[in-house]
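# A closer look at the structure
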Amino acid sequence: MADSTITVDDIEGELFKIERIRDILVRRESELRYMMDDIQLCKEITRLKNELHKLVSIPDKDKSNEDRQKEDELLQQIHKLVETRDFLVDDVEFERLREKEEDKEMAEFLKSRLPRNLKKSGASSRRVPARAQQTSSPFTKTGLTLLKECCGFTCSIM
């Protein structure tokens, strides 16, 4: 340690910043994984619906037993994928609530710890906007919002 002006508080502060960045990156990775899963499910549901639509467009009198059986299979597959997607959306919501609780706990921890550090170092307090208030980030929407948008107006499965 050649620089003797670095204090233990400085090192702890830097470590805290690194941990916070790591947490943000882990959360973003999780959101991206949920979005990829959702995109795959939407694509598969759309593909199955298109296949089903072709079968449904055949008049009943011209349908074979295989066609009817295939319709039933497609409906079951679509139903299973929609249920899977519902579980995915529930997981995203659970993660969002867990992250919100973690953020609350971290804010309480910082509130209890910062006044002590500010008195020691004589530094002025600097307010950092909450994650939702940071508009400079390209990732302002949560994974749940993106999932809702996917299967709302823009997704063809609904």
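Above: the structure in question.
A few points on the structure. (Residues numbered from 1 in each chain as written. Predicted model: local features only at pLDDT ≥ 70, side-chain atom pairs only at ≥ 80, totals over all residues. Heavy atoms only, no water.)

In this section: the overall build of the chain. In terms of helices and strands, the chain carries 3 helices and 0 strands. Along the chain, helices and strands appear, N-terminal first, in the series α-α-α. For the chain, with 158 residues in total, the buried portion stands at 20%. Within the chain, residue pairs in contact and separated by at least 24 positions form 71% of the contacts whose partners lie at least 6 positions apart. Counting only carbon and sulfur atoms, one obtains 57% of the accessible surface of the chain, whose full area is about 12400 Å². (Helix = DSSP H or I, 4+ residues; strand = E, 2+ residues; numbered from the N terminus. Buried < 20%, exposed > 50% of the residue type's maximum accessible area, 1.4 Å probe, protein only. Contact = heavy atoms within 4.5 Å. Areas by Shrake-Rupley, 256 points an atom, 1.4 Å probe, with all protein chains shown as cover.)

Looking now at helix α1 (residues 8–56). Turn by turn, an α-helix covers 3.6 residues, leaving residues three or four places apart pointing in a common direction. Here α1 spans 71 Å end to end across 49 residues, near enough to the 72 Å set by a 1.5 Å rise per residue. Residues of α1 that are buried: Arg27, Arg28, Glu31, Tyr34, Met35, Asp38, Leu41, Cys42, Ile45, Leu48, Leu52 and Leu55. (Expected span 1.5 Å × (residues − 1).)

Under the criterion given, the structure shown has 16 salt bridges. Residues arginine 22 and glutamate 19 are paired through a salt bridge, measuring 3.4 Å at the closest nitrogen-oxygen approach. Taken as a pair, arginine 22 and glutamate 19 lie in helix α1 at a separation of 3 residues, close to a single helical turn. Under the relative-accessibility criterion, arginine 22 is labelled partly exposed at 43%. The exposure class assigned to glutamate 19 is partly exposed, which follows from its relative accessible area of 40%. Lysine 70 is the salt-bridge partner of glutamate 51, the closest N and O atoms lying 3.4 Å from each other. (Salt bridge = Lys/Arg side-chain N within 4 Å of Asp/Glu carboxyl O.)

Honestly, it's all geometry; don't read function into it.
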